[in-house]
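Per-entry structural report
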Amino acid sequence: SITTRSHLSFFQGRVLNLARRCDAASADGHRTAAEASIQKQRVVEVWSLLYYFCLHPIDMKENFAAVAKTVVKALSDHSRYPKLVPVICGSLKSLAVGVTGRAEANPSAEATEDLEVLSNVSIKILPSLFKLVETLNESHKTNSADDMDTDDKSSSKERQAIRQQNMQLVETVTDTIGQLAQICPREFLQNLFKKVVQRLLVATTENGDNAGDKASKDAQAVRMCSLLGLGQALVASGSLDDNSVSLLYRAVRPLVRSDEHDSRVQKRAYKVLAEICEKHKEFVTSEERLNEMTDLMVDSIVTCQVSARHMRLKCMAYIVQGFDSSNQAHMAVIPKIMGEVLLCLKDSNAKTREAAYQLLLEMAVARDDMTDYFKIILAALGAKTTHMRSAAVMALSRLTFEYARHDTTVQSLLPSLMQTVAFLFDDSSREVTKSVIGFVRVCVAAMSFDQLEPLLPEIVGGIMKYNKGRDRFRAKIKIILKKLVRLYGYDTIAPLVPEKDTRLITHMRKLTERTARRKAAGLQDGQSVVNNFDDMMESDEDDSDDGRTFMTGVTGFTKMTSMTGKSMKSAKSKSVVSGARSTMTGKSAKSASGPRIKAELQGEILDMLDSSKMAKSVRFADANMNDNDFSDDDDGMDDMQFDNQGRIIISDGLQKVSGDKGAADDFDSEDDDENLQLKAGGGKRRRVSKFESVKVAKAERDAVNARKQSKQSKKPTSSIGSAYKSKKAGGDVKKKGQQYEPYAYVPLNAKDYSKKNRSNAVSKMGTVVRSTKRKR
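Read on for an overview of the structure. Note that the coordinates shown come from a computational prediction; the quantities given were computed from them, not determined experimentally.

Assigned secondary structure in the protein chain consists of 34 helices and four strands. Counting every position in the protein chain, which comprises 776 residues, the buried fraction comes to 40%. In the protein chain, the proportion of contacts linking residues at least 24 apart, taken out of those at least 6 apart, comes to 69%.

Among the structural elements, leucine 189 can be located in helix α8 (residues 186-209). For leucine 189, the residues in contact, after removing those within four places along its chain, are Ala181, Cys184, Leu234 and Ser239.

Once that is clear, we can look at the side chain of serine 94. When you line up the elements, serine 94 lands in helix α5 (residues 84-105). Within the local environment of serine 94, its side chain forms a polar contact with the backbone oxygen of serine 91, the two atoms lying 2.8 Å apart. Leave out the neighbours within four places in its chain, and serine 94 touches Tyr51 and Cys54.

Let us look at the nonpolar core. Counting residues in each nonpolar core, the largest one holds 170 residues, and the members touching the most others are Trp47, Met363, Tyr373 and Leu484. If near-sequence neighbours (up to four positions away) are discounted, leucine 484 is found in contact with Val444, Leu452, Leu456, Ile459, Val460, Gly489 and Ile493.

Before going further, it helps to examine helix α26 (residues 502-520). End to end, α26 covers 27 Å across 19 residues, agreeing with the expected 27 Å (1.5 Å per residue, within 8%). Turning to α26, its buried residues number three or more, namely Leu504, Ile505, Met508, Leu511 and Arg518. Down the axis of α26, the sector holding all buried residues measures 135°, keeping them to one side. Structural note: α26 exposes Arg503, Lys510 and Ala520 on the side pointing more than 90 degrees away from its buried face. The inward-facing, buried residues of α26 contact α24 (474-488) and α25 (490-493).

Turning next to a nonpolar patch on the surface. A surface patch of nonpolar side chains, about 380 Å² in accessible area, is lined by Leu49, Tyr51, Tyr52 and Leu55. Its place among the elements puts leucine 49 in the loop between α2 (33-47) and α3 (50-53).

Moving on, we get to the packing of helix α4 (residues 60-76) against α5. Between α4 and α5, whose axes approach to 11 Å, the crossing angle comes to 150°. In terms of orientation, α4 and α5 fall into the roughly antiparallel class. Helix-helix and strand crossings are classified by hand; for α4 and α5 the assignment is left-handed. On α5, the residues touching Met60, Phe64, Val71, Ala74 and Leu75 of α4 are Val85, Ile88, Leu92, Leu95 and Val99. Per-class residue counts for the contact of α4 with α5 are ten nonpolar, no polar and no charged.

Attention shifts here to the packing of aromatic side chains. This model, assessed by the stated rule, comprises six aromatic pairs. Seen from their ring centres, phenylalanine 10 and phenylalanine 53 are 6.2 Å apart, and the 20° between their planes marks the pair as stacked. Linking phenylalanine 10 in helix α1 (residues 8-26) with phenylalanine 53 in helix α3, this pair joins segments that are 43 residues apart in sequence. Residue class for phenylalanine 10 comes out partly exposed when judged on its relative accessible area of 41%. Measuring from ring centre to ring centre gives 5.7 Å for phenylalanine 11 and tryptophan 47, while their planes differ by 75°; the resulting arrangement is edge-to-face.

Positioned with a positive phi, aspartate 368 is a non-glycine residue whose angle comes to about 60°. Residue position: aspartate 368 is located in the loop between α17 (350-367) and α18 (370-378). For aspartate 368, a relative accessible area of 62% translates into the label exposed.

Definitions and cut-offs
- Residues numbered from 1 in each chain as written.
- Predicted model: local features only at pLDDT ≥ 70, side-chain atom pairs only at ≥ 80, totals over all residues.
- Heavy atoms only, no water.
- Helix = DSSP H or I, 4+ residues; strand = E, 2+ residues; numbered from the N terminus.
- Buried < 20%, exposed > 50% of the residue type's maximum accessible area, 1.4 Å probe, protein only.
- Contact = heavy atoms within 4.5 Å.
- Polar contact = N/O pair within 3.5 Å; in protein donor to acceptor, adjacent residues only side chain to side chain.
- Core = buried A, V, L, I, M, F, W, Y, C linked by side-chain atoms within 4.5 Å.
- Expected span 1.5 Å × (residues − 1).
- Arc of directions from axis to C-beta.
- Patch = residues over 30% accessible without salt bridge, like charges linked within 9 Å, V, L, I, M, F, W, Y side chains within 5 Å.
- Areas by Shrake-Rupley, 256 points an atom, 1.4 Å probe, with all protein chains shown as cover.
- Salt bridge = Lys/Arg side-chain N within 4 Å of Asp/Glu carboxyl O.
- Axes fitted to C-alpha atoms, helices over the stretch in contact; angles between N-to-C directions.
- Parallel < 35°, antiparallel > 145°, perpendicular 65-115°, else oblique.
- Left-handed = near helix turned anticlockwise from the far one by under 90°.
- Nonpolar A, V, L, I, M, F, W, Y, C, P; charged D, E, K, R; others polar.
- Phe/Tyr/Trp six-rings, centres within 6.5 Å; stacked < 30°, edge-to-face > 60°.

Geometric descriptors of this kind do not, in isolation, establish any biological role.
Right under this line is the structure:
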C-alpha cells in the first residue's frame, strides 16, 4: 500500500490548535461535568492523529524538535489525560520503527538525516519517559497505602482499577523506551543505564532495612519492579555492551538467589535474566559465565517462587542450549534439574507446562544419548509420590511422540519402555492411570506391527483393568482398542479381553460394521486424525455415531424409519435431501428396501425439483409392497416404432393403460395436478409453474393444520372446583348435599405434566389461579 507522506508542521499548527481549544473548553466553569468530559474526549481523539503523521513525515528536520517539546509537555499532564500516554508512545514507537527500517533498507541521504534527527531528539524524550515510569509507580505505591488505611469496598475497587491502568501504562512506556534506545547515542544510553542500576541497588538495600514495615516493603517492591522493567527494556534494545550487561547481571543475581523479596521482584528478575540469555548469548555461553549461571540455577531451586517458574524454565532452556555433550560437568547438571522439570510438567499454569516440555526436549538434544536420557527419567518411576510417577510417564510420552518416528534408537527402546511402564497398571491413583493410558496410546501409534504383537496380552489386559469403575477413561480405552483391532483384527483382540467386558468389544464390532456400510454408501464418518501431542493425551473422542443411522441419500429417511410401520403420509411430507443413492440393478435392486421412484408414463418427464410431484412419486418399498409399483421397466417399450434409419417415431396422444395398478396411480396423480392447476387459475385450466404448484400445496397444508388447531382449541376444559364456585360471591362456598369441603388446588397427576399434555395442564391451572405474565 502507498502511504501518503505527511507534514508535521500541519499537525503542530492546525491539529494541536484544535486540541488546545477543546482543552480550554473542558476547563470552562460554565460547562457541566458531562460537557467537560466530552471536550476531554475530543482532545484525545485529536491527538490520536499523531500516529498517522508519524508514519512517513516529510519535514522531520524542520519540525520534529518542536513537536517533541509538545509531546513531552503532554506526557507530563498524564494525570488529566491518561489516555494520551498510549497514543503518544505508540506514535513515537511507529516513528522509530519506520525511520530505522527506511535507513536500513535504503540508506539515502534523507533517511540517514531523519535517523540522525530522531537520535538527537531522543535525548530529550527518553528522560521524560523514565520519569513518567517512576511517577506511575509512585501513584501505584500511594494507592497501595490508601488501600491499607481504608476499608471502603467501592473506593478500594476504584483504586484497584487505577493501579491496573498504571501498570498497563508502565508496560507501554517501557516498550517505547526499548525502541528509542536502539537509536539513542551510546554514551547517553550508558549513563542512563548506570543510573537505573544504581537506583536498583539502593532500592534493594532499603528493602532489606525496612523488612518489618509492610507498607514500605510493598512500595519498595513496586519500585524495584519498575527499575527491573527499565533494565529489561534496555537489554531488549540490544544497545548495551558486555560491561553493562555484566553489571546488570551482578545486580540481578542476588534477587534470583534469595526469596526474601516479594514474589513480583523475583519474577521480574528472572525476566531480566531470560532477556540477557536471549539477546546476549555469547555472554551466557562463555565457559566461565556458563558454569556460574548453571550453579546459580541449581542452587536457587529451593528459593524459587511459584510465579517465577515459567521465566526460570526459559532461562534454564537458554543455558542448556550452550551445553557440550562431551563435557562431563555440563552433563552432570541434567540429572540435578530433572526432578524440577518433571514436576513442572504437572504445573497448573499452561505456560509453565509448555516451558517444561521445551526444556525437556532441549536437554534431550544436549544429552545426545537417548538411552542414558531415558534411564534418567525412568528412575522417577520409583518415586514415592504419585505426582512424580505420573510426571515421569508424561515425559516418556512426549519424548516418544517427538522422536519415535525418525530416531531408530528410540524406536528400538519402545518395547522395553512399554514393559517397564506396564508395572504401573496396578497403581490405584487416577493421576497415574491417566498418564499410563496416554503413554499406551502414544506407543500403540508409534510401535511397529512386529514390536507390538508380543505385548498385546499385557497391554489389553492392563488397560481393561481401568474399564470398570473408572468411566472417565472409557473413551480413551476404546480408542486404543479400536487401533489394535484395526491392526490385528477382532479375532486376535477379542480373546484377550476379559469375559466381563466382551459386550464392549461386541459393541465396537457393530459400530465398525456400521461405519463400513456408511463408507460404502458414500457418507462420511466424521472421524478426525490426531497429530498433536496435547490432543492425543487429553482428547476423549467418542466412537459412537452420535445417533446417526444408515441414512438414505434421497429422502433423508433411515432404514429404521422405513421398518417402523409408519404411515406413508409422513414419508410424503419429507423434503428431498441432497445427493442420490447409487442405482442398483438385478435381483439386489428388487429385493432391497429403500426409496423408489414410480415408473414414468410414456413421454412424461418427472420434474424432480417439484416437491409436490416428488412427494407423490417417491415411495418406500418394504416386504408388503408389490415391486411392480416401482418397476423400472417401461410398459410402452414394446409399442415403440422405428423408421428405416433407426430413429424413434413419437406418436401423438397418450396411450390408454388399463388393468395395471401402477398406471392407475399415475392417472390419479395427473388428476391431482389438474386440480392444482384449476385452483391456481381460479377455475380456468392453465399451465402452472412448479413454484406456483408448491405455493398452492403449502397453502393447502397450512389450511388443514389451522383447522386441526381450531378443533383442538374448541375442546372444553373441565373447570376444577366449579361445583363449589359461588354465583353471587367471588370465592368458594359449600352447598347442600356436598360431602367435601371446597378446595382451590389441582390434584397432582404425572400424566398431566408430560410434553404432550402440558397445554391442557396449564388450562386447568387457569381455572384455579389467575394467569399472569412472568416478570423478567
